[in-house]
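# Architecture and fold: a report
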Amino acid sequence: MIDLDNTDRLILRELIDDATQSASTIGRKLGLSQPATWRRIRRLQDSGVIKGQRLDLDHEKLGFGVTVFLGVKLATKGRISLDDFERAVAAIPEVQTVEHILGVYDYRLRIVARDISDFERVLRRRIMMMPGVGDVEANVLLSEERRPGPIG
């Protein structure tokens, strides 16, 4: 764990809002010079606090209007290794995230599809055909609010 001061937290909040901002833009907002801001950002990157930057796509505008969270329970844990399952399911383009979880289900998958019938195709032809897949439970996303989470 790294010690973060208030300025580090403010920089992180700015980057969470828009990671494309330059160090000089963030510095102007916070009353810091560009070099001081850049050094702080670099330290946050080097320490692993900032792991990278992502491109956040609007799936609906790309034609993927349905997002489904799929709980997957493996039928027999010995028939397929967890690594094999994770690799196989991650190779399905519609699967956005693969989360190994504790609870009723072994995995939670975030799947995007063009519509419900497209999701059904992915479910029947890709996921349910995988060896070791047992029970599944689908939850269709109605709306989503993104929160940055705590910073320090």
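Note: the structure precedes this text.
Summary of the structure given here. No experiment lies behind these values; they were computed from the predicted model shown.

## Here's the deal with the pairing of strand 2 (residues 95–100)
Direction of pairing for strand 2 relative to strand 3 (residues 107–113): antiparallel, over a ladder of five bridges. Across the sheet, the residue bridging to His 100 is Tyr 107, located in strand 3. Remark: six residues form the turn of the hairpin made by strand 2 and strand 3, two consecutive strands paired antiparallel; Gly 103 in that turn has positive phi of roughly 145 degrees.

## Looking at the environment of Arg 13
On the secondary structure map, Arg 13 appears in helix 1 (residues 6–17). The partly exposed category is assigned to Arg 13, whose relative accessible area is 40%.

## Thoughts on the sheet that holds strand 1 (residues 66–74)
Strand order in the open sheet formed by four strands is 2-3-1-4, with antiparallel pairing between adjacent strands. Strands at the two margins of the open sheet, each flanked by one partner only, are strand 2 and strand 4 (133–140). Pairs of neighbouring strands in the sheet enclose a mean axial angle of 20 degrees, with direction left out of account. Contacts from helix 4 (residues 82–90) reach strand 1, strand 2, strand 3 and strand 4 within the one sheet, and its direction differs from that of strand 2 by about 165 degrees. Helix 5 (residues 116–127) rests against strand 1, strand 3 and strand 4 of the sheet, and its axis sits at about 135 degrees to strand 3.

## Here's the deal with the pattern of salt bridges
Throughout the structure, instances matching the rule amount to eleven salt bridges. Residue Asp 8 pairs with Arg 40 through a salt bridge whose shortest N-O separation is 2.8 Å. Of this pair, Asp 8 sits in helix 1 while Arg 40 sits in helix 3 (residues 34–46), and the two are 32 residues apart along the sequence. Residue Arg 40 is classed as partly exposed on the basis of its relative accessible area of 22%. Among the salt bridges present, the one from Arg 110 reaches Glu 144, with a minimum N-O distance of 3.2 Å. Here Glu 144 lies in the segment after strand 4 and Arg 110 lies in strand 3, a separation of 34 residues in the sequence. Residue classification places Arg 110 among the buried residues on the basis of a relative accessible area of 18%. A network of salt bridges, in which partner residues are shared, links Asp 5, Asp 8, Arg 40 and Arg 43.

Conventions used here
- Residues numbered from 1 in each chain as written.
- Predicted model: local features only at pLDDT ≥ 70, side-chain atom pairs only at ≥ 80, totals over all residues.
- Heavy atoms only, no water.
- Pairing = 2+ DSSP bridges.
- Helix = DSSP H or I, 4+ residues; strand = E, 2+ residues; numbered from the N terminus.
- Buried < 20%, exposed > 50% of the residue type's maximum accessible area, 1.4 Å probe, protein only.
- Axes fitted to C-alpha atoms, helices over the stretch in contact; angles between N-to-C directions.
- Contact = heavy atoms within 4.5 Å.
- Salt bridge = Lys/Arg side-chain N within 4 Å of Asp/Glu carboxyl O.

The quantities given are spatial measurements derived from coordinates; they are silent on function.
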